[in-house]
Amino acid sequence: MQSQMPILGSQLASDIERGLTRDEFFFVFHPRLGCAEGQISGFELLMRWCHPIVGILEPSAFISFVADSEFAGTFTDLLLSRASDVLANWKAHGYCSLTLSVNMSSLELTRADLPQKLAAVLSARDIDARCLQIELTDVVEPARLDLLADAINAVRATGVLVALDDFGAGLTSFTLLHQLPVDIVKIDQSLLRDVPGNPESKRILEALVRMGQRLGKKIVLEGVETAAQFEWARSLPEIECQGYYISRPITDLALDQLVREIHAH
Ligand code: G
Ligand code: MN
């Protein structure tokens, strides 16, 4: 059940504290598909909050509050701990080709201890760093872009890949593509909305994909919701897709089953 009822800031902090002690935060998994091969290439870990009064909440309802709060570090730890559980489990089963991505704000990504934290989490479970990806969900103000670029490189030095999330949403600047040394660009679902019906939207997206690829980035198209969008996406070379047409986010039980099926072939 989805609810839009807001929780006031003052209440939110104590609610989050309770939520953490009572394990109200959980994760679902959103598949990503290699378009040409038609094969699942990995999953994005998405947090949900099972709030006892309001119901199931998506991160948009609470994550910006968390980012500026004393809970920020705890949430990053929660995320990395869950991600490493999943990756260690896949490794134990010999499933080594799938990637798992987690979402992180630029504030969290620029924390000086993140690379060490990542290296520790990965080596403790003997996980290949290249299976883990971090999606950068927001970008700091332009004056601090160089610091963000340094932080991205420090993360990439651990072997973990970095993606720029929601590219093209709102007033995203094109120059970010060469100012931020990311491995992957996820193109925001708003750009796909009129595709393939609107020829101009299609051309813009085609050009954006090509530009990203010419800069050496892997491209993921977000928000593939219809068969027509998927067919069109499959005509583009070497891209990955994510969206409700391929699958809704799935629970951890469904994840286990799906991953088993993928590897049975
Ligand atoms: O910002 P980010 O791309 O991480 O956001 C992911 C959010 O977008 C999730 O909450 C997910 O449920 C939602 N989402 C993913 N795919 C689709 C889609 O095809 N359509 C719509 N409307 N939402 C989507
Ligand atoms: Mn994301």
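For the structure, see preceding data.
The rules we used
Sequence order as written defines the numbering, with residues in each chain counted from 1. Working convention: letters from A go to chains and numbers from 1 go to ligands, in the order in which they are written. Selection of residues for local features in this predicted model requires a pLDDT of at least 70, selection of side-chain atom pairs for listing and counting requires 80 or more, and totals for whole chains, interfaces and linings are taken over all residues. Excluded from the side-chain calculations are hydrogens and water; all other atoms, namely the structure's heavy atoms, are used. Each reported salt bridge corresponds to a side-chain nitrogen of Lys or Arg within 4 Å of a carboxyl oxygen of Asp or Glu. The helix and strand labels rest on DSSP assignments: H or I over at least four residues marks a helix, E over at least two residues marks a strand, and numbering proceeds from the N terminus. Only protein chains enter the area calculation, which uses a 1.4 Å probe; residues under 20% of their type maximum are buried, those over 50% are exposed, and those in between are partly exposed. By this rule, a helix spans an expected 1.5 Å times one less than how many residues it contains. DSSP calls a pair of strands paired once it identifies at least 2 bridges connecting them. Note: the arc covers the axis-to-C-beta directions of the helix. Contacts are residue-level and defined by heavy atoms, with any inter-residue pair within 4.5 Å sufficient. To get an axis, a line is fitted to the C-alpha atoms, and for a helix only the part in contact is used. The angle between two axes follows their N-to-C directions and goes from 0 to 180 degrees. Working definition: roughly parallel below 35 degrees, roughly antiparallel above 145 degrees, roughly perpendicular at 65 to 115 degrees, and oblique for all remaining angles. Helix crossings are classified by the rotation of the near helix relative to the far one: an anticlockwise turn of less than a right angle makes the crossing left-handed, while a clockwise turn makes it right-handed.

**Notes on the pattern of salt bridges**
Counted under the stated rule, the structure contains 15 salt bridges. Residue Asp 252 pairs with Arg 82 through a salt bridge whose shortest N-O separation is 3.2 Å. Linking Asp 252 in helix H10 (residues 252–264) with Arg 82 in helix H3 (residues 72–92), this pair joins segments that are 170 residues apart in sequence. Accessibility expressed as a relative area gives 36% for Asp 252, which makes it partly exposed. Assessed through its relative accessible area of 22%, Arg 82 is described here as partly exposed. A salt bridge links Glu 231 to Arg 234; the nearest nitrogen and oxygen atoms lie 3.5 Å apart. Here the residue Glu 231 and the residue Arg 234 both occupy positions in helix H9 (residues 227–234), the gap between them amounting to three residues, near one helical turn. For Glu 231, a relative accessible area of 46% translates into the label partly exposed. Relative accessible area serves as the criterion here: at 42%, Arg 234 is assigned to the partly exposed category.

**Focus: H3**
The end-to-end C-alpha separation of H3 is 30 Å, in line with the 30 Å expected for 21 residues at 1.5 Å each. Regarding H3, the residues found buried are Ala 72, Phe 75, Thr 76, Leu 79, Leu 80, Ala 83, Ser 84, Val 86, Leu 87, Ala 88 and Trp 90.

**Section: the pairing of strand E4 (residues 99–104)**
One face of the sheet, then the other: side chains in a regular strand alternate in exactly this way. Taken across its six residues, E4 has five buried, putting it largely inside the fold. The pairing of E4 with strand E5 (residues 132–136) spans five bridges and is parallel. The residue of E5 that forms the bridge with Val 102 is Ile 134.

**Details of H9**
Of all the positions in H9, only Gln 229, Phe 230, Trp 232 and Ala 233 are classed as buried. Projection of H9 onto a plane perpendicular to its axis shows the buried side chains occupying an angular sector of 165 degrees, all on one side. On its buried face, H9 is in contact with strand E1 (25–34), helix H8 (199–214), strand E8 (218–221) and strand E9 (239–241).

**Side note on the packing of H3 against helix H5 (residues 114–124)**
A packed helix pair is summarised by two numbers, namely the angle formed by the two axes and the spacing between the axes. Direction vectors running N to C along H3 and H5 enclose 30 degrees, while the axes themselves pass 11 Å from each other. Here H5 runs roughly parallel to H3, going by the angle between their axes. Like other packed secondary-structure pairs, H3 and H5 cross with a definite hand, here right-handed. Contact residues: Gly 73, Thr 76, Asp 77, Leu 80 and Ser 84 in H3; Leu 114, Lys 117, Leu 118 and Val 121 in H5.

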